[in-house]
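One-letter residues, chain by chain:
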Amino acid sequence: MAKLQRHVKALQALGDKGSSFVEDYCTFRNRELWEVRCKGCGTIIRKMLPIEELSVKRIVRGVTLIQERLALACLANYREVLIAFDDGSRHVTPMCVECATTRLQDKDLLEAVYTADLEQWKREGADISEVNASRKPNRVAKVAEQIRGNK
Ligand SMILES: [Zn+2]
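Here's what I pulled together on the structure shown here. No experiment lies behind these values; they were computed from the predicted model shown.

Moving on to the nonpolar core. With 18 residues, the main nonpolar core has Met95, Cys96, Cys99, Ala100, Leu104, Leu110 and Val113 as its most contacted residues. Those elements giving two or more residues to this core turn out to be strand 7 (78-85), strand 8 (90-96), helix 2 (97-101) and helix 3 (107-123). Ranked by the residues each element gives to this core, the list is headed by helix 3, at six residues. Setting aside chain neighbours within four positions, we find valine 113 in contact with Lys39 and Thr93.

This is the structure we're talking about:
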């Protein structure tokens, strides 16, 4: 699948500065989202973890079997970033706390982060012509553990 020209340009701008960026930040297993990395530094920020309360323990012929239930958990370094665009619209994206609060002041990184999300939606089969793909990210409006709505 051809990359968005805009994303290629954003990555080029970061590369020229020697700034790191992780493009394929989502890992899928059996079509399920398994792990999410920070787009800025590659640190794991979400992953499948066993939920102890939901695990089932059985003893079959003297052998203990533990059936675990997994859920995609947010790790302690997980943050949601609310990006404000020049047209007044907003977009929420996940990053690690370090990149969200420091590196995202860099507008080139902000652009690369947004275009990486557009690429990811495209990979997942979304029609990105529905979103305003020409809008420009302006600034980080908010960083929080969880952002509800776009406020
Ligand atoms: Zn990071």
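Once that is clear, we can look at the packing of helix 1 (residues 5-17) against helix 3. Between helix 1 and helix 3, the shortest axis-to-axis distance is 9 Å and the interhelical angle comes to 145°. The element helix 1 and its partner helix 3 pack so that their crossing is left-handed. From helix 1, Arg6, His7, Ala10, Leu11, Ala13, Leu14 and Lys17 reach across to helix 3, where they touch Asp108, Leu109, Glu111, Ala112, Thr115, Ala116, Leu118 and Glu119.

A word on the pairing of strand 8. Working note: regular strand, side chains alternate between the two faces of the sheet. Relative to strand 8, strand 7 runs antiparallel, the two being bridged by seven bridges. Residue isoleucine 83 lies in a different strand from strand 8, and its bridge partner there is histidine 91.

If you walk across this open sheet you meet the four strands as 1-2-3-6, and the pairing is antiparallel. Among the strands making up the open sheet, the edge pair consists of strand 1 (26-29) and strand 6 (70-74). Sheet twist, expressed as the average angle between the axes of neighbouring strands with direction ignored, equals 30°. Taken together, the three bridges between strand 2 (residues 32-37) and strand 3 (residues 44-50) define a ladder with antiparallel strand orientation. Bridge pairing in strand 3 places arginine 37 opposite isoleucine 44.

Reading the values: the criteria
Residues numbered from 1 in each chain as written. Predicted model: local features only at pLDDT ≥ 70, side-chain atom pairs only at ≥ 80, totals over all residues. Core = buried A, V, L, I, M, F, W, Y, C linked by C-beta atoms within 7 Å. Buried ≥ 20, exposed ≤ 12 C-beta atoms within 10 Å, placed from the backbone. Helix = DSSP H or I, 4+ residues; strand = E, 2+ residues; numbered from the N terminus. Contact = placed C-beta atoms within 7 Å. Axes fitted to C-alpha atoms, helices over the stretch in contact; angles between N-to-C directions. Left-handed = near helix turned anticlockwise from the far one by under 90°. Pairing = 2+ DSSP bridges.

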